[in-house]
Amino acid sequence: MTQPKHLLSIEDLGLDGIREIMRLSDSFADLANRPIPKVPALRGKVVANVFYENSTRTRLSFESAIKRLSADVMTFVVANSSVNKGESLKDTANTLLELGADALIVRHSSAGVPMQIASWVDVPVINAGDGCHEHPTQALLDCYSISKLHKKLRRKSKNSAISFNGLVVGIVGDILHSRVARSLVTALNLLGAEVVLAAPRTMLPPAFESWDVVVSNDFDSLLGKLDIVYLLRIQSERMKVVSIPSLREYTTWYGLSMKRVKMLQKDALIMHPGPMNQGVEITPEVAQLPNCIVGEQVANGVITRMAVLFRLLVP
Amino acid sequence: MAERERMLRPPHGGKFVPRSEVMSAEDTKRAITRIAHEILERNKGADNLVILGLQTGGVDLTHRLAQTLEELEQTPIQVGTLDVAFYRDDIGLRPMIPQAETYIPCNLDNKIVVLVDDVLFTGRTVRAALNAISDWGRASCIQLAVMIDRGHREVPIRPDYVGKNIPTRRDEVIDVTEEGVMIGEMVKIKRQ
């Protein structure tokens, strides 16, 4: 397989790439339990976190992954940078390279910025979320979490290629504004899972008809056949036009309550990319359930990002 | 085995062609029994002993050695595996070998760790293993057992237990399997 230079979208990575990252993630999986949870694999490398948009878990998760690989991290936060003095994107990228960055992790509120930066620089660029476009590492960590935690998949032999055939994944909520959904649908399709989108029509992107998905706006009737319920956050900060009458109305139709959880299969897993709006898309009681694996998703995020960094930085 | 696997990957490539048998299956079995006795003699029994096989070539050997030790001492022996891919000093200089499982059965503080590998060559794998082990605790003592010591060391590392010393040329390849030890060469296969 050819060495990928960047990680910009799931489509670029392809099925082989997804499988390779998941396999590599396995070898980092037990690291957290060691007395010294670090390996010297990327010693001497410098990775720059370039975040033009707010983030808690993605940035800290990358930072943690970088540190566990013994690389050094530079963090660029737009709020206290020279961007406020008019520094351009290209200037910022070049400055970071001059300071010795061996890879750039980019998040921006406009779609396409990581691709644009990747065309300017000759170091690996990792897309950590660009506008409403893609968030590939989130999709990778979600697929890795599913492969590790869903009972249907855990039984399969260790060496067989990972496949989600027969798995039904329901993605619920604001798909229009969700870069997570965009990356995840592509990844799940490649892995062979059946994807169902449950959302009000106003929260579906115009392009969904070209995806290999089933769309439903009757969440309750879906619940019984789902193996995974993937809840998305209602992104009020991205809504330019109001797409739902009220949050309460959304909660009534699509919020995951205990009543709805009871309609799920016994082994079904509940996932959320975070941060959760408890009381909107999920009730606080459901968030506490053992089959709600939000915590595991965060832990697997570090593992998967280590795999991505290792894959891109080691020739 | 590990050495052969490594040589099979690009940029080496090619096919392993055995030239002659260095040790028969019986010879390796006797060597394992002798090494087991030497380990017990030197450490005055099997207390605090942890046997770690280096992935991938040392793993099979480790299980055979542990089995012999258990038969001799009538006590269970702690066995683990160690993959040093992330600790190597040539990361990035050559293609990455697929990672294999690392399993350390217990905290290594105050344990006697015996590292096991099939072939000792440059010593760089063992150097990486020493670094890796220190991440799991401070062993009271680390010893090295190998089936074949073929020379050409690049770092000051010396084995404690050796099945057989074999002088080799650098370009030769040693293949240790359950059926014995073969010496041979990698032969390039012409790409079509």
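Within each chain, residues carry numbers counting from 1 in the order of the written sequence. Chain A is the first chain written and ligand 1 is the first ligand written, with later ones labelled in order. Thresholds applied to this predicted model are a pLDDT of at least 70 for local features of residues and 80 or more for the giving and counting of side-chain atom pairs; totals over whole chains, interfaces and linings are not thresholded and use all residues. Calculation of side-chain values draws on the structure's entire complement of heavy atoms; hydrogens and water are dropped beforehand.

### Some points on the confidence of the model for chain A
Predicted confidence across chain A gives a mean pLDDT of 90, with 96% of residues reaching 70 or more. What pLDDT expresses is the predictor's confidence in each residue, scored from 0 to 100. Helix and strand definitions here come from DSSP, where helices need a minimum of 4 consecutive H or I residues and strands a minimum of 2 consecutive E residues; each element is numbered from the N-terminal end. Looking at the elements of chain A, mean pLDDT is at its lowest for helix α6 (residues 151-154) of chain A, recorded as 81, and at its highest for strand β9 (residues 269-271) of chain A, recorded as 97.

### Topic: the sheet that holds β9(A)
Residue and element names in this part refer to chain A. Only when DSSP finds a minimum of two bridges between them are two strands counted as paired. With parallel pairing, five strands are arranged side by side in an open sheet as β7-β6-β5-β8-β9. Two strands in the sheet have a free side with no partner beyond their single neighbour: β7 (213-216) and β9. Within this sheet the neighbouring strands show an average axis-to-axis angle of 20°, counted without direction. When strand β5 (residues 168-172) meets strand β6 (residues 194-198), the two strands line up parallel, connected through five bridges. Each axis is a line fitted through C-alpha atoms, taken for helices only over the stretch in contact, and angles between the N-to-C directions span 0 to 180 degrees.

### A word on the interface of chain B and chain A
Here a residue-residue contact requires only that any non-hydrogen atoms of the pair lie within 4.5 Å. In this complex, chain B contributes 12 residues to the contact, which on the side of chain A involves 16 residues. Of the roughly 1,300 Å² buried between chain B and chain A on both sides combined, carbon and sulfur atoms contribute 64%. Every case where a carboxyl oxygen of Asp or Glu lies within 4 Å of a side-chain nitrogen of Lys or Arg is listed as a salt bridge. The interface formed by chain B and chain A contains zero salt bridges. Polar contact criterion, stated in full: a pair of N or O atoms within 3.5 Å, where within protein one must be able to donate a hydrogen and the other to accept it, and residues adjacent in sequence count only if both atoms are side-chain atoms. The interface formed by chain B and chain A holds four residue pairs in polar contact (both at pLDDT 80 or more) in total. As used here, buried area is the combined drop in accessible area, with a 1.4 Å probe, of two parts when they are placed together.

### Observations concerning the packing of helix α1 (residues 10-28) of chain A against helix α12 (residues 294-313) of chain A
All names here are of chain A. Running from N to C, α1 and α12 point in directions that differ by 115°, and their axes come no closer than 8 Å. Here α1 lies roughly perpendicular to α12, going by the angle between them. Along this stretch, α1 crosses α12, giving a crossing that reads as right-handed. Counted together, Glu20, Ile21, Leu24, Ser25 and Phe28 of α1 and Ile303, Thr304, Met306, Ala307, Val308, Phe310 and Arg311 of α12 form the full contact between these two elements. The classification used treats Ala, Val, Leu, Ile, Met, Phe, Trp, Tyr, Cys and Pro as nonpolar, Asp, Glu, Lys and Arg as charged, and all other residues, Gly among them, as polar. Across the contact of α1 with α12, the residue classes break down as eight nonpolar, two polar and two charged. For classification purposes, an angle smaller than 35 degrees is called roughly parallel, one larger than 145 roughly antiparallel, one from 65 to 115 roughly perpendicular, and anything else oblique. In this scheme the crossing of two helices becomes right-handed for a clockwise turn of the near helix relative to the far one and left-handed for an anticlockwise turn of less than a right angle.

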